[in-house]
Each structure stands twice: as C-alpha cells, then as structure tokens.
Amino acid sequence: VIVAALVVPFVVGALLIALRAELSGRLAAGVGAAAMTVSLVLYALVWEGKEAVSGEIDQSWIEPFDARLHLGVTALSWPFLLMTALVGVLCCLWLVADDTAPVLVGLVLIISAASLGVFSSLDLLLFFVFFELALIPMWFVIAWFGGSSLAGQGREARVAATRFLLFTVAGSALLLVGIVIISIDGGSLQAGGAYTPSLAAAVLVCLGFAVKTPLVPLHTWLPDAHSKAPTVGSVLLAAVFLKLGTYGLLFFMPMLGRFSEVAPYLAVAGAVGIVWSGFACYAQDDLKRLIAYSSIGHMGFVVIALSTQTQVGVAAAVFGSIAHGLITGMLFFVAGSLKDRFGTTSMALIGRGLYGRTPWLAVAFVFAAVASLGLPGLAGFWGEVLSLRAIYEVGVLGKPVAWTALVLAVLGIALTTAYFVRAIRLLGQGEPVPQDADRDLVRREIVVLGLLAAGVLALGLVPGPLLDLYGPLLEVLGS
Amino acid sequence: MNIPIDWSTVAPAVIILAGALIGLLVDAFYPRRTWLGSGLPSSIALVGAGVAACVYRDDLGRFSFALLAIIVLGTLFVVVASNIMNFENAMPPGEYHFLLLSAAAGAAMMVVSRDLVTLVVSLELLSLPSIALVGLRQGDKNAIRSAWTFFLASVVSTAITLMGISLLYGVTGSLDYLVIRKALVEPTVPQSVVSVAVLLTLIGLLFKLGAVPFHVWVPDAYTGSSVMVAGFLSTVSKAASLGALLVLVLVALPAAYDTWQPLLAVVAAATMTVGNLGALRQSDAIGMLAWSSVAQAGFLIAPAAALLTLEGLTAPVQYLAVYAVANLVAFAALSVMLRLRGSTSFDELRGLVRTDPWMGIPLAFATLTLAGFPPAVIGLVTKYVVMRPIIEDGVIWLAVVMGVNIMLGLAFYVRFIVVLCDRPDGEPYVSPSPPVSVRIAKTTVLLGTAALLAMSVWPNLILTHLP
C-alpha cells in the first residue's frame, strides 16, 4: 500500500513533465491533485495503531551492506505523512489556473513524493536517497518559477536556489558520513536495530539536520530561498522541507548514543534563533521574508523541545512541526494571493486597510497570523506551550541551559506577538487606500485557505488525538 | 634475475596486442581510410581478450579479473564509440587503433603484474601510445602541445618511479612482490630508505592517476586530444594505474603501511578538493569533465588509505566500475555533440535535453551519476561504498572532506545539468555527418546509459558480483 502511495505521485509527476506540451495547466494541476489525494487517502487508511509499524514492507535491496527496501508508517511518521500529503494536495489545487506550467505541477508532485518517501523510510540509506531526491527538483522550482517578472529577478532566484542547494547538500553529505558511522558501529542500517556510541556520528548527524531545520547560524539560505520561490515552492519549503530536518532529528535521536552531549548546543542554537528571528522579522517590509524568518523561530521551539529528549518534548516537537506546517503554509498561500494581485509582497507597496479592500483575504491573513503567534484555541498554541513545558522538565539538557533557553523562548514569544501585530496593523488596519488590483478571494483560494484554516482550528481545539500518539494526554500535561 | 612468464595471466594482453598489429596491417594493405577496416579486428581482439580473461578467471583472481573486465570493456566502448571520427581526414584509423590497443594491452598487463619490472614495462606500454594518441590529430597545434606536456611530465614521473624501484631492489634484493613483502618485515631493513623508496615508487603511479600535485597535465591533455581519447585516458588508463597501485601497496608493501597510508589520505583529500575547485571555473563541458575526473581520482584513492580492511580493496573497484561507465557515456555523448555541432561549450549545449533528448538525457544521467545524486542511485551508493572502509579504519576527517567535496562537486555538476535542461537559444546548428557512424556512437551512449539505469534500479547487480 505504501509503495502505491509513493509510486502514484512519482509516476504522475514524471508523466506530467514528459507530456508538458500536450496538457493545459488546469488539467495538469487537477491530475496532480487527484494523485496526491490518492496518496493521502492511502496513508490515512494504512494506519494500524500506534504500537505497530503499519503497512511494513521489508525487502532485500543491496546485500553486501544489508541495505533494505524497508518502508513503514510509525506513530512518529504518520502525522508528518498526512501533513505532507495534504500540503501536496493543496499545492496542486492552488495551481488549478490557466497560466500554470504543467512542469511545475510535475515537480511539486515529485518533491512531495520524495518527502513522503523520507517519512516512510525505515532504512537509513533509503532515507538518504529520498532525502536527496527532492533537492534538484526544488532547485528548478525556485530558479525557474521563482522571482517575479521584473527584470533581474530571475538571476536572484537562481542565486537563492543555488545557495539553498549547496547548503542542504553540504548538510546531507555530513549526514551521509554520520550514517556510515552508524551502520558500521551498529552493524545495521535499519531504524530500531542501529545504534552508535560515537560522538562524531552524533555531531555530524545533528549538523546535517541543523542546516535543513534550520538552526542559527546555518539558516542563511532560508530567507532568500523562501522569498524568491514561487508560492507553492515557499509552501513546500516551509511546510515540508523544514520538517525533514526536525523529523530527521527525531528519527535519528534514538540511534545516537551521545545525542545528549550535542543537545545543549542544539537547544541554545534554537533559543538564539527564536530571538534573532524575532528581531529580524520586526525589521522586515517584505511579507514573504517576514514569514520565512518567523519559520526559523518556530523551528527553534521545535528543536528546543526535542533536544530535551523527554516524552513531552517529542510530543511538542511533532505537534509544533505539524502546526507550523499548516500555519506557515497558510501564511505563504496568503502571501501568494497578495503577490498575484499586487505583483509584490512589500507591505508598504500593498498599502493599508485590507479589511476594507479585500475583507476575506484580510481575514485569512489575520487568522493565520494569530495562529502563528500562538493564540490559544489554534494549533500554534499547543506547540509552544508543550515546548515550554518540555524545557521546564529540563530533560538531558541540564538546568543552566534549560533555564536560559526558557527565558529566551519566552522573550521570543513576546517578540513574535509584536511583529505579527505590526504586520497586521500595516496590512489590515488603517484607512483603506483602494488600488486597482483589489480583488477578494477566488474559488481555488477559498478552498485551499479554508481547508488549512479548518485544520488549524481542529488541531487547536482537539489536540488530543495527535498527542495521544505519544502517551495519553493526561500523562503529558499532568505529572 | 629470472622472471617466469605466466601465460594465463598475460593472455588477454597478448591477444589485445595481436589485434593491434592486425589492425595496423589491414590498414597498411587496404588503405581506404575507413574506420571499420581496422576497427573491426580491434573489436574482435578485445572480445577475444575478454573471453580469455573469463577462461583464466580462476588463475587471475577475482580482483585482477574485475579490473581486466573494466579495462577490456572500457576499451571496447572507446573503440566502438570512436566510429564517430570516421571520415575525419585528420584522424588516421590504422594508427589510431594500433596505439589505442597497445595502450590497452599495457593497461591489461599492469593490473596483473606482480613484480616491479613488469610494472614499469607495462606502465611504459600504457604511457607512450597514450602520448602519441593525444598528439595524433594531424595539423592540430593544440594536440601537439598537449602531447608534449604529457610526454615531459610522464617521463619525469617514470624516472622518479624507477629511482624508487631501484632503491626497493637495493634494500630487499628482489623485484618480486611477495619476496619484497617478506624482506621488508626483517628488522635489519633500514626504515628511512624504505620510506623514501615507497614514496618515490608511488609518485609515478599517482602521476598516471592524475592525483594532486601531479594533476596539471590532465586538463591540458584531455582538452587537447580528441574526445574519445580523453575518455580512454580518464577511464582505462586510470583503472590500470589504480589497480597497479592497490596491488603494489597491498601485496608488496604492507610493512610500510605507516609511510603510504597518510600519504595516500592527504593526496586523496587534496586531489578531490583541487579537482572540484578547478571544475567550478570551466565553461566547456570537456574541460569540466577533465577537472571532474581529477576530483574523482581523489575518491578512488581515498579508500586505498584504508586498504588493509577487506572492503578497502573492493570499494575502489566498485567505484571505479561505475565511474568508468558514467564517464565513458559522458565523453561519448560529448564526442557526438562535438561532431554534430562543432563545439562542447555550455552555450552550445544549452537545452540539449529538449532539442535532442536521446543525447541530452544520457548526458544528464551520467553527470548525476558522477555527482552521486538520485535518481542515479548507483552513484550515491558507490559514494557510500567508498566511505565505509575509510570510516571503519577511523579516518573520519577524510570522510568529512569527502562529504564537503560531494557538495563542491554538485555545484558544477548541477550547473551543467541546468544548462542541459534550460531553454535553448534558437535553433542549434547541426552539421552534416555520416549518419551510420553517428548512429553507432549514439547506440553506445544509449547502451551505457541503460547499464547505469539498470545498476541504479538493482545496485545488487554490480555490488555483489564485482570482487
């Protein structure tokens, strides 16, 4: 079943690229959305409960070093899989328009499928193959379809794409070295069987994922890549690619015997990232860059949570990742809508008073923004609260580090509130200055944003089912 | 000094040499200047050599057999793909095939040699025809210049190697690998002399591999010679030198481990870094491949630094096999493009995947294999394979350098792939060419790509069957 869920988007994606001349953009996007829906449904149906590895497939692949085609859905990966498939569907729906290039849809499908492959791999080498597979298509998405039509922007998009690619490949090359160490020490490439007492492996793997997540100071590829990418590219980068980093850390954590020695550095980097990104956001005029920087902050919370290695920490990390995927995805879609209308995402150029000019678009933006700053009742809230709870438990971090991180994180929450309120004030409120391009949401935008908003609301009001995967709810919040 | 001849091990080389002579004679007596006249006997001789290698498989040993297979198949690929030069007046077919097969015979002897004299003789048998091949194109000043550089560098390095060998002979009193091995563990052997001797001997082989700091001739020779000759130099010649190097240090010099292990590790790290940095600046596909093959030599040498583990021996051979196929495909595709369009600069190749998918996609796939990036899974898996022994041996810094170099390498490989996928500027110029020979060369490209694809889908194919 998992194989089908992976193969369908891959094949459809490749076909769309091969048949690009014969298809209209609208049809291609429809086909793409259908393919991703198939995948989403299959992943939803395969679930057999949190104790079991669902839909497991285990076949020999490369015998000399016992790499296997080992796929399966675990309690850890299931939320990520559903979120990725959902985002894939939404990206395709978003592209249901006449001016869509079928190639873009194909690339989106391949990227989504590769990410799904990462989340379902239980073999380290297979994990790595999928991990790398998504990168080059992403380069094309950013470089070819990114930037705006203004002269000179195409070149900037290329530079941003190349920087993104080189940063992530440098990270994943270190990860590969780490995987080799694990496989030699543990004598196995299978998740669950492999284990290494080596410090070098822990450092290399963490560095590799720190680039992807990203953690300060390895984040410099992110703002440019996100802001230059086309809307679906930004959404995929934020909602899916960054999750490859956090999922990777969660996935490899049990295999690294000396993770606890690296954890404090991760936590501090995460905490610094929260504050740093807060200040950076406050100074942004470009909405897409603002969202990109805010991602660094949210990922900081996730990394702090998981670096405690406690049960609450894991739950917080997963919840934070999923919530960030939905919320930031929504924010980028809104930014995309603005860009479609005004040709820019500069808040000064778009002007004030969107409440009066395009009410529903403004509502969507404000909804996503307050969800992102952690309003109780919406998804972002639980991620942050649980993170703070996890730091409070200290875990493997040690008191001084944990409390420093806690203080910085709380400061970060305040900053997040400040910069989102500023953005809302700059865009939503104020005297409306009507422009020619003012146009409220069209049907595809309503569908996409509505689904995401429903998801955010559902996770916020009923966080139980997701948290139950990592121990009963009461146990997580009580004790 | 009596060296017995073991016919079962030299049989492939002898058959190849016989083919070379026949090819030359056919061309001399029926001088019609067409390619098949001497190409056909050459191909038959290579097939015969392959059969001989299979027959004597047990006498050769798995390791030598694998290297021989790479050499014979690689040369066969070059011979067939060279059909693209048919009717090119500047290229004399008889001489071309004679020199090519002589060099191949030298390569085939090099990997089975188990004493130092045979090593030097076969090294020369490989080098001298190679130099002539580089300068063979008539009336091409660049080619002559490249050949001269190659010649001078080659002679110097051979001289240095001879010096090292004579020192080794002086210390141990023998030229046979096994005797040297026993002699070197005696406590009476002067260690400092042994170190110097090992160092000098290895320099010659590292030179042939194009390792830093002896790499300067590589880009010059590759860009100056005709494309398929560059393909030959970058695969067959490299396979031979690597095989000889591995056998030499493993069989004859394990006692001097402390001398060659750090040497090879540093050389490997420097080679891949310098090669990749050089490739970054290229704007011509052949220049890029030339520098990239310098970098790849680093990846080939790296596992030799951990040779005493069992995987240290198989890993470089597996890497070499995949590298050889990918590189030959790339060079053959480029030789077709050179013939059709008159240039292999990036501007000329822009949009090749769209205008000519049957050449563009193989070229892109071969490049991905060299970069070690999915969907060319086999490239990634072999990178993993060469890293394993290094880490098992505890040389983690070298593995990290390799990681950084994978990133550096990707920088220019991706640039090339992007050029291939980009939108072409206008209609490309296509020159009239003899259709049959182009078709033959294209077929070899497609066959090679099919092999790469098959290996990507079933990496087991190659990883369990090579030594």
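The present account deals with the structure reproduced in this document. (Residues numbered from 1 in each chain as written. Chains lettered and ligands numbered in written order. Predicted model: local features only at pLDDT ≥ 70, side-chain atom pairs only at ≥ 80, totals over all residues. Heavy atoms only, no water.)

## Notes on a nonpolar patch on the surface
Residues and elements named next belong to chain B. Rule in force here: Note on patches: the residues involved have over 30% relative accessible area and no salt bridge, like charges join within 9 Å, and the nonpolar side chains Val, Leu, Ile, Met, Phe, Trp and Tyr join within 5 Å. We get accessible surface area from the Shrake-Rupley algorithm with a probe of 1.4 Å; when it comes to residues, only the shown protein chains can shield them. Within this document, salt bridges are pairs made up of a side-chain nitrogen of Lys or Arg and a carboxyl oxygen of Asp or Glu, the two lying within 4 Å of each other. Going along the chain from the N terminus, every DSSP run of H or I of four or more residues is numbered as a helix, and every run of E of two or more is numbered as a strand.
Together, Leu128, Ile144, Trp148, Phe151, Leu152 and Val155 give the surface a local cluster of nonpolar side chains, amounting to about 550 Å² of exposed area. Tallying contributions element by element places helix α7 (residues 141-172) first for the nonpolar patch, with 5 residues. Counting through the fold element by element, Leu152 comes out in helix α7.

## Some details on the packing of helix α3 (residues 77-94) of chain A against helix α4 (residues 102-120) of chain A
Describing two packed helices takes the angle between their axes plus the distance from one axis to the other. All names here are of chain A. Condition: Every angle, taken between N-to-C directions, lies between 0 and 180 degrees, and every axis is a line fitted to C-alpha atoms, over only the stretch in contact when it is a helix. The labels follow the angle: roughly parallel below 35 degrees, roughly antiparallel above 145, roughly perpendicular from 65 to 115, and oblique for the rest. Two residues form a contact once any of their heavy atoms are found within 4.5 Å. All residues other than Ala, Val, Leu, Ile, Met, Phe, Trp, Tyr, Cys, Pro, Asp, Glu, Lys and Arg, Gly among them, are scored as polar; the first ten of these are nonpolar and the last four charged.
With their axes 9 Å apart at the nearest point, α3 and α4 run at an angle of 175° to one another. In terms of orientation, α3 lies roughly antiparallel with respect to α4. Counting all contacts with α3, which are made through Ser77, Phe80, Leu81, Thr84, Ala85, Gly88, Cys91 and Cys92, the residues of α4 involved are Val105, Val108, Leu109, Ser112, Ser115, Leu116, Phe119 and Ser120. When the residues that make up the contact of α3 with α4 are grouped by side-chain class, the tally is 10 nonpolar, 6 polar and no charged.

## Things to note about the layout of surface pockets
Take a probe with the size of a water molecule and roll it over the atoms, and the empty space left behind shows itself. Keep this limit in mind: Here the term cavity refers to a set of points on a 1 Å grid, laid over the protein atoms alone, in which a 1.4 Å probe fits but cannot get out; the term pocket refers to an open set having protein on both sides within 12 Å along at least five of seven lines, with lining residues being those that place an atom within 4 Å of a point. Grid points are joined across faces, edges and corners, and a volume is the space filled by probe spheres set on the points.
Its volume calculated, the largest pocket comes out at about 1900 Å³. Surrounding the largest pocket, 47 residues form its lining, Ala14, Ile110 and Leu133 of chain A together with Phe365 and Pro375 of chain B being those nearest its centre. Looking at the lining of the largest pocket, its residues break down into 40 nonpolar, 5 polar and 2 charged. Estimated volume of the second largest pocket: approximately 730 Å³. Taken together, 27 residues form the lining of the second largest pocket, with Ala69, Ile70, Leu73, Gly74 and Val325 of chain B sitting closest to its centre. Counting residues per element, the ones that place at least two in the lining of the second largest pocket are α4 (62-81), α14 (311-341), α20 (435-457) and α21 (460-463) of chain B. Examining the composition of the lining of the second largest pocket, we find that 10 residues originate from one element, α4 of chain B, more than from any other.

## What to know about the nonpolar core
The condition that has to hold: Take the buried Ala, Val, Leu, Ile, Met, Phe, Trp, Tyr and Cys residues and link them wherever side-chain atoms come within 4.5 Å; each set so joined is a nonpolar core. Burial classification: accessible surface area is computed with a 1.4 Å probe over protein chains only, and a residue below 20% of its type maximum counts as buried, one above 50% as exposed, and the rest as partly exposed.
One finds Phe65, Leu125, Phe164, Phe241 and Phe252 of chain A together with Tyr96 and Leu253 of chain B to be the most contacted residues of the largest nonpolar core, which totals 367 residues. It is α14 of chain B that provides the largest number of residues to this core, a total of 20 residues. In this view, Phe252 of chain A contacts Leu124, Phe127, Leu175, Ile179, Ile182, Val205 and Phe209 of chain A; residues no more than four positions away in its chain are not counted.

## Things to note about the side chain of Thr310 of chain A
Residue and element names in this part refer to chain A. Condition: Under this definition, polar contacts are N or O atom pairs within 3.5 Å; protein pairs additionally need one hydrogen-donor-capable and one acceptor-capable atom, and for neighbouring residues in sequence, both atoms have to be side-chain atoms.
In this structure, Thr310 sits in the loop between α12 (287-307) and α13 (311-342). Note on Thr310: relative accessible area 13%, which makes it buried. There is a polar contact of 3.0 Å between the side chain of Thr310 and the backbone nitrogen of Gly313. Contact partners of Thr310, with chain neighbours within four places excluded, come to Ala390, Glu393 and Gly395.

Nothing here speaks to function; it is all geometry.
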